Structures are given as structure tokens and as C-alpha cells.
Amino acid sequence: QKDTNNTGNEPPKSESMIHQESSSSANVQKANVLEQTLLAKVLQMEEDEREDMLQTARTAQANMMADLQNLAPGEERVRYMTQSISQETQELLVMYKLWTSLLQKNNGRPPQMR
């Protein structure tokens, strides 16, 4: 059976490799949808609510960075990131990152809300 994904310059892909690639692609797609959902949530907030959330997120990020500095690089840090941070805090951190990225792209100015 011929591998139609093979360009001739690479070894044929096994079924598990193809499944892994499609699973990885699905995960990237889910992550993109989650990011867009969280960014929309931030953009829909009233300014005072957004400022409160951003302050809470800044504190959470500072605490996380302090905790990470006390852990050995590698497995300990990964375990901390995946098991010790609540879902709510993870969402706060992502919203904070998305907002600061948006500000950076917009020369430090928040987007005009309508």
C-alpha cells in the first residue's frame, strides 16, 4: 500500500505517526479556540472589571514565577505547572498574557471598545 503523504524524501509514516499528527493538530485547534474565547471574555469586560482581573493575574503570575524559581528545571517545574495551578488561575494567566500581547501589538494602547 502506497503512502500518499510521502513526498519521496522522508520515510513512510506509520498509522500511529499519522494519528499523532492529527491529534496534535486537533490540540492546536482546541488551544486556538480557547485563546479566542478567553480573549473575547477579556474584551467584553467593563474596564474596572478588566483592571481587577489583570491585577489578580499579575499577582498570580508573580507568585507562580517565585514558586518556579524554587523548583529544579525540568520535571518538577512541569509537574507544578500541570498539577499545582488551578484551572481558574491558568485561565487568568492566559487572559493576562493575551491582553499584554494585544497591548504590545498596539503600541501599549488598549483596543478601542465599542
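Here's a quick rundown of the structure. (Residues numbered from 1 in each chain as written. Predicted model: local features only at pLDDT ≥ 70, side-chain atom pairs only at ≥ 80, totals over all residues. Heavy atoms only, no water.)

**Structural notes on the pattern of salt bridges**
According to the stated counting rule, one finds one salt bridge in the structure shown. For the salt bridge of E75 with R79, the shortest nitrogen-to-oxygen distance reads 3.6 Å. With E75 and R79 both in helix α3 (residues 75-84), this residue pair falls four residues apart, about one helical turn. On the accessibility criterion, E75 (62% relative accessible area) is exposed. On the basis of relative accessible area, R79 is assigned to the partly exposed category, the value being 37%. (Salt bridge = Lys/Arg side-chain N within 4 Å of Asp/Glu carboxyl O. Helix = DSSP H or I, 4+ residues; strand = E, 2+ residues; numbered from the N terminus. Buried < 20%, exposed > 50% of the residue type's maximum accessible area, 1.4 Å probe, protein only.)

**Observations concerning the packing of helix α2 (residues 47-69) against α3**
One can describe the packing of α2 onto α3 by two numbers: an axis separation of 10 Å at closest approach and a directional angle of 150°. For the element pair α2 / α3, the angle class is roughly antiparallel. For α2 against α3, the interelement crossing comes out right-handed. Across from N63, M64, D67, L68 and Q69 in α2, the residues of α3 making contact are R77, Y80 and M81. Its residues assigned to classes, the contact of α2 with α3 shows four nonpolar, two polar and two charged. (Axes fitted to C-alpha atoms, helices over the stretch in contact; angles between N-to-C directions. Parallel < 35°, antiparallel > 145°, perpendicular 65-115°, else oblique. Left-handed = near helix turned anticlockwise from the far one by under 90°. Contact = heavy atoms within 4.5 Å. Nonpolar A, V, L, I, M, F, W, Y, C, P; charged D, E, K, R; others polar.)

**Let's talk about the nonpolar core**
One recurring pattern in soluble globular proteins is that nonpolar side chains are buried together. Counting residues in hydrophobic clusters, the biggest one holds twelve residues: L38, L39, V42, M45, M53, L54, A57, L92, M95, Y96, L98 and W99. Listing elements by their share of this core, those giving two or more residues are α1 (15-44), α2 and α4 (87-105). When residues of this core are assigned to their parent elements, the largest contribution, five residues, is made by α4. In this structure A57 touches L92, L93 and Y96, once residues within four positions along its chain are discounted. One finds M64, L68, Y80 and L93 within the second-largest nonpolar core, a separate group that totals seven residues. (Core = buried A, V, L, I, M, F, W, Y, C linked by side-chain atoms within 4.5 Å.)

**Focus: α4**
The end-to-end C-alpha separation of α4 is 27 Å, in line with the 27 Å expected for 19 residues at 1.5 Å each. Buried residues of α4: L92, L93, M95, Y96, L98 and W99, and no others. Of the residues flanking the end of α4, it is N107, one or two places downstream, whose phi is positive at about 55°. (Expected span 1.5 Å × (residues − 1).)

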